[in-house]
Amino acid sequence: MDDADLKALLMAGAPPASDPRFVLAVMTRIEQRRFRRELAMILGLGACAMALLVLMAPSLQMVWDHVPQTSNLAIALVLMAVTLVMPQIFPSRD
């Protein structure tokens, strides 16, 4: 028996070079972990922004009373924009 025959016998029962199902399962877990991490960061930033607004609202009431363009909708839009932009500025590290 020479080396070519022995190599053919050993390779006959070998697993495939790549397993697409395993690769897909691993990539799915990585993406789910990344999604959960980014979702937690967005929700945390939103909660922090709301808490900061609650703490600062009494002192900002005087400013809001004198500026007619400022409305609750504008404040909500600014908070939403900050909440969505912050994860882009500070991306999560894998």
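None of these values were measured; they are calculated from a predicted model.

Quick word on the overall build of the protein chain
Reasoning step 1: The number of helices and strands found in the protein chain is three helices and zero strands.
Reasoning step 2: Order of helices (α) and strands (β) in the protein chain, N terminus to C terminus: α-α-α.
Reasoning step 3: Computed over C-alpha atoms, the radius of gyration of the protein chain comes to 28 Å, more than 25% over the 12 Å expected from 2.2 N^0.38 for 94 residues, which places it beyond the range of a compact globule.
Reasoning step 4: Summarising its shape, the C-alpha atoms of the protein chain cover approximately 95 × 20 × 20 Å along the three principal directions.
Reasoning step 5: Counting only residues that meet the buried cut, the protein chain has 5% of its 94 residues in that class.
Reasoning step 6: Of the roughly 8,200 Å² that the protein chain leaves accessible, carbon and sulfur atoms contribute 70%.
Reasoning step 7: Where the 8 positive side-chain charges of the protein chain centre and where its 8 negative ones centre are 8 Å apart.

Some words on the packing of helix α2 (residues 20-66) against helix α3 (residues 72-89)
Reasoning step 1: Orientation of α2 relative to α3, taken along the N-to-C sense of each, is 145°, at an axis distance of 10 Å. Considering how the two elements wind past one another, α2 and α3 form a crossing that is right-handed. Contact with α2, carried on its side by Met41, Ile42, Leu45, Gly46, Ala49, Leu53 and Trp64, involves Ile75, Leu79, Thr83, Met86 and Pro87 of α3 and no other residues of that element.
Reasoning step 2: Split by residue class, the contact of α2 with α3 holds ten nonpolar, two polar and no charged.

Re the pattern of salt bridges
Reasoning step 1: Enumeration over the complete set of coordinates arrives at one salt bridge.
Reasoning step 2: Of the charged contacts, one joins Arg34 and Glu31 as a salt bridge, the two residues approaching to 2.7 Å between their closest N and O atoms. You can see Arg34 and its partner Glu31 sitting in helix α2, three residues apart, about one turn around the helix.

Rules behind the numbers
- Residues numbered from 1 in each chain as written.
- Predicted model: local features only at pLDDT ≥ 70, side-chain atom pairs only at ≥ 80, totals over all residues.
- Heavy atoms only, no water.
- Helix = DSSP H or I, 4+ residues; strand = E, 2+ residues; numbered from the N terminus.
- Rg over C-alpha atoms; globule rule 2.2 N^0.38 Å.
- Buried < 20%, exposed > 50% of the residue type's maximum accessible area, 1.4 Å probe, protein only.
- Areas by Shrake-Rupley, 256 points an atom, 1.4 Å probe, with all protein chains shown as cover.
- Lys, Arg positive; Asp, Glu negative; His and termini not counted.
- Charge placed at Lys NZ, Arg CZ, Asp CG, Glu CD.
- Axes fitted to C-alpha atoms, helices over the stretch in contact; angles between N-to-C directions.
- Left-handed = near helix turned anticlockwise from the far one by under 90°.
- Contact = heavy atoms within 4.5 Å.
- Nonpolar A, V, L, I, M, F, W, Y, C, P; charged D, E, K, R; others polar.
- Salt bridge = Lys/Arg side-chain N within 4 Å of Asp/Glu carboxyl O.

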